[in-house]
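Chain residues, written in single-letter form:
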There are 2 protein chains.
Amino acid sequence: MRATTIHAPFDMRVEDVPDPVVTLPTDAVVRVLRACICGSDLWAYRGEAARQPGQRIGHEFLGIVEETGTEVSTIGRGDLVVAPFMWSDGTCDYCREGLTTSCEHGGFWGAVGYDGGQGEAVRVPYADGTLVRLPADAASDDHLLSALLTLSDVMGTGHHAALGAGVREGATVAVVGDGAVGLCGVLAAKRLGAERIIALGRHAVRTDIARRFGATDVVAERGDAAVAAVLELTGGQGAHSVIEAVGTEQSMQTAVHITRAGGAVGFVGVPHGSGTGLDLGVMFNRNIALRGGVAPVRTYIPELLPDVLDGTIDPSPVFDMTVGVEAVPDGYKAMDERTALKVMVTN
Amino acid sequence: MRATTIHAPFDMRVEDVPDPVVTLPTDAVVRVLRACICGSDLWAYRGEAARQPGQRIGHEFLGIVEETGTEVSTIGRGDLVVAPFMWSDGTCDYCREGLTTSCEHGGFWGAVGYDGGQGEAVRVPYADGTLVRLPADAASDDHLLSALLTLSDVMGTGHHAALGAGVREGATVAVVGDGAVGLCGVLAAKRLGAERIIALGRHAVRTDIARRFGATDVVAERGDAAVAAVLELTGGQGAHSVIEAVGTEQSMQTAVHITRAGGAVGFVGVPHGSGTGLDLGVMFNRNIALRGGVAPVRTYIPELLPDVLDGTIDPSPVFDMTVGVEAVPDGYKAMDERTALKVMVTN
């Protein structure tokens, strides 16, 4: 079968790889219908996260179950399923508590020796713990399928950020980052009852989606000017809840400084310098909390799924480019150059 | 009257200062019965926090109301009252939400132009918002008075740390810091139902108090060895809730590394380098939250007071040295040299 591999920074290839097979009784093999490229894949693409030459890549996908191991009981051949961006056993202490990303047997798609989502099929470890079955008729609904694909990462991650930021009914929320996760953060905040949502971003295409997702205000400035603009919009106090969906020093600094005293920053941007953007003195004086991290999206899928199915939330507009698997390298290029917001891969 | 002033690092004096008078209708004048020296006063003492020569100092006190302004309605002459370590108006948005430390009209005792607690009397701004009345008969109960004095800061701050760390019934809690706040954090965690409390500290006098307050384990190691010891005690997972009551790089680093995935660090140590001890990568991967800051102890006094009055909690053992106001400089010296844990000042 065909699958995307990474050989060196900026060297993505689509190659013939062995077809996946069930190797453990808890495995399933899933034929991928849709996958996508994540902003965090770009860290590997740019060489800022190390990969071994030939490693598979891609951690967001949905598809049809092709084969299951003897111990798999909750899904079966022919089921339409979505995979969260990490696998998890579903039974350890952490999984039972909902923190599936700390699963004792968990792991990342594309890790050495494991399949990635940007290919034709994937061997799924701990299929019962990992996969979530979707209604079979969604497979023929092109639009719905795109929306459901976001449950594998960005929608659940946006939701995690909103929870970390303590978004509540009536809250004022600010979102730092206009990537797919930031935009899903807007949607999640709206879903949780935020009254006012300030999206920080300066790409009209993206902030237009933010408005469509529920943003009431857009701040195009950066750095100190962004802080001043948000304070101006909030009577000098800042936002109760701030979503940090970038991970850089500047984005974290902005996030902390636009948070209202007693509020919280929900952080889901993979840290790339953001630690130095944390002004602990300010956080101490103003009792600003920091909560977040790698999102246990497996836990959130059952909660978010009904709202996607009935159209209460539709995250599908985050996809603005679609490629077949052979053109995945073009998708990386487009996301790296920011000509695409988020790329969907169809098989 | 006599009061403590600070003139330069290590230059504390007890001097004649003007008697305080009611200057605003919302003021009260309180004759101080008991005050104390705080670990955070040592930052000024050591010159690490700047002060103007002659500034008053001390932010923890209780006493008898001597005079009130015309607009003060909740307390009156002769009442026994305790003051939290900041004054607050009790009416602004933040005060109504319980975040009295962010009060729009709040301030610190000993700020330029304001009285400090380590003297014979204090002018109290916003007396209705700030002071809490205590039962009159407590004034003649020496032991109880010492316990009540901790409500002005350390007991409320320990409680804030425990809340920030998310201490719950049955939780495993670790406490970094064996000063008065850390010890009160142990007591607060016990009060909130923690099942296991690991106190980190290597001064037997202090860890003995920790055990008396509810610590089930004591870890004397520091740095990596402390992390290893706590992980060993917790089956490799770490503590659900960690109280950081020091504020240095090492203490914060230890706190983050002994927190269980999905857990929280409640930080109340005034940041002195602790920002650089935050390993955001670890916090991200393990979903470790950080919550805390300057404790709104005014809000906590009504909640903690009944438990102090009926003896459910007795924080008074944190005081191990008592001086009269004339000997306050000796108290600073003792705390700086760590021969005293916490010094009480009696008038």
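Residues numbered from 1 in each chain as written. Chains lettered and ligands numbered in written order. Predicted model: local features only at pLDDT ≥ 70, side-chain atom pairs only at ≥ 80, totals over all residues. Heavy atoms only, no water.

You'll find chain A entered in an unreviewed UniProt entry as Zinc-dependent alcohol dehydrogenase family protein, with Streptomyces kunmingensis given as the organism.

Draft legend 1. Up close: the packing of aromatic side chains. One pass over the full model with this rule turns up 12 aromatic pairs over all chains. On the basis of an interplanar angle of 70° and a centroid distance of 4.9 Å, the ring pair of F10 of chain B and Y45 of chain B is categorised as edge-to-face. Separated by 35 residues along the polypeptide, F10 of chain B in the loop between β1 (2–8) and β2 (11–16) and Y45 of chain B in helix α1 (residues 41–45) bring together distant segments of the chain. An aromatic cluster of at least three residues, connected via ring pairs, comprises F61, W87, W109 and Y114 of chain A. (Phe/Tyr/Trp six-rings, centres within 6.5 Å; stacked < 30°, edge-to-face > 60°. Helix = DSSP H or I, 4+ residues; strand = E, 2+ residues; numbered from the N terminus.)

Draft legend 2. Broad picture of the pairing of strand β6 (residues 80–83) of chain B. All names here are of chain B. Judged by which residues are buried, β6 turns out to be covered on both faces: L80 and V82 on one side and V81 and A83 on the other are all buried. Across 4 bridges, the pairing between strand β5 (residues 61–68) and β6 is antiparallel. Bridge assignment links G63 to a residue of β6, and that residue is V81. The pairing of β6 with strand β10 (residues 132–134) spans 3 bridges and is classified as antiparallel. Residue pairing in the sheet places V82 in a bridge with V132 of β10. (Buried < 20%, exposed > 50% of the residue type's maximum accessible area, 1.4 Å probe, protein only. Pairing = 2+ DSSP bridges.)

Draft legend 3. Main features of the environment of L233 of chain B. Checked against the element boundaries, L233 of chain B lands in helix α8 (residues 223–233). Beyond its immediate stretch of four places on either side in the chain, L233 of chain B contacts R196, I198, D217 and V219 of chain B. (Contact = heavy atoms within 4.5 Å.)

Draft legend 4. Here's a closer look at the relation of the copies chain B and chain A. Superposition record for chain B on chain A: RMSD 0.0 Å, screw rotation 180°, translation along axis 0.0 Å. Here the two chains are linked by the operation of a two-fold rotation axis. Taking C-alpha positions as reference, the residue of chain B nearest the rotation axis is L290 of chain B, located at 2.5 Å. Both copies share a contact surface, since 100% of the interface residues of chain B are interface residues in chain A too. (Least-squares fit on C-alpha atoms with pLDDT ≥ 70 in both.)

Draft legend 5. View of the interface of chain B and chain A. Taken together, the 35 residues of chain B in the interface contact 35 residues of chain A. For the pairing of chain B and chain A, the buried interface totals around 2600 Å² over both sides, and the portion due to carbon and sulfur atoms is 61%. For the chain B face of the interface with chain A, the top three residues by lost area are L280, F284 and N287 of chain B, together amounting to 28%. Where chain B touches chain A, the interface holds 2 salt bridges. As a salt-bridge pair, E97 of chain A and R260 of chain B come within 2.8 Å of each other at their nearest N and O atoms. Where chain B touches chain A, the interface holds 9 residue pairs in polar contact (both at pLDDT 80 or more). Mapped by element, the contributors of at least two residues to the side of chain B that touches chain A are α2 (93–97), β15 (259–267), α10 (280–286) and β16 (289–292) of chain B. Here the side of chain B that touches chain A gets 6 residues from one element, more than from any other, and that element is α10 of chain B. Grouping the amino acids of the side of chain B that touches chain A by side-chain chemistry returns 16 nonpolar, 13 polar and 6 charged. (Buried area = accessible area lost by both parts, 1.4 Å probe. Salt bridge = Lys/Arg side-chain N within 4 Å of Asp/Glu carboxyl O. Polar contact = N/O pair within 3.5 Å; in protein donor to acceptor, adjacent residues only side chain to side chain. Nonpolar A, V, L, I, M, F, W, Y, C, P; charged D, E, K, R; others polar.)

Draft legend 6. Quick peek at the nonpolar core. Within the largest apolar cluster, 58 residues are counted, with the highest numbers of intra-cluster contacts made by L200, M283 and L290 of chain A together with L200, M283 and L290 of chain B. Apart from residues no more than four positions distant in its own chain, L200 of chain A is found in contact with A174, V175, V176, G177, D178, V219, A226, V230, T254 and I258 of chain A. (Core = buried A, V, L, I, M, F, W, Y, C linked by side-chain atoms within 4.5 Å.)

Draft legend 7. Broad picture of the sheet that holds strand β4 (residues 55–56) of chain B. Strand order in the open sheet made by the 3 strands is β2-β1-β4 (chain B), with antiparallel pairing throughout. Lying at the two open borders of the sheet, with one neighbouring strand each, are β2 and β4 of chain B.

Draft legend 8. Inspection of the pattern of salt bridges at higher detail. All names here are of chain A. Scanning the entire structure with this criterion turns up 36 salt bridges over all chains. Of the charged contacts, one joins D11 and R13 as a salt bridge, the two residues approaching to 2.8 Å between their closest N and O atoms. The exposure class assigned to R13 is partly exposed, which follows from its relative accessible area of 36%. Taken together, the shared-partner salt bridges connect R2, D16 and E326 into one network.

Draft legend 9. Quick look at the domain arrangement of chain A. All names here are of chain A. Segmenting chain A into domains produces domain 1 (2–153 + 296–346) and domain 2 (155–292). Its C-alpha centre places domain 1 at a distance of 27 Å from the equivalent point of domain 2. Across the boundary between the two partners, domain 1 contributes 22 residues, which contact 20 residues of domain 2. Our enumeration of links across domain 1 and domain 2 arrives at 3 salt bridges. Linking domain 1 with domain 2 are 7 residue pairs in polar contact (both at pLDDT 80 or more), by the criterion used here. At 5 residues, helix α11 (residues 297–309) tops the list of elements feeding residues into the side of domain 1 that touches domain 2. Considered class by class, the residues forming the side of domain 1 that touches domain 2 number 13 nonpolar, 2 polar and 7 charged. (Domains from an automatic or database assignment.)

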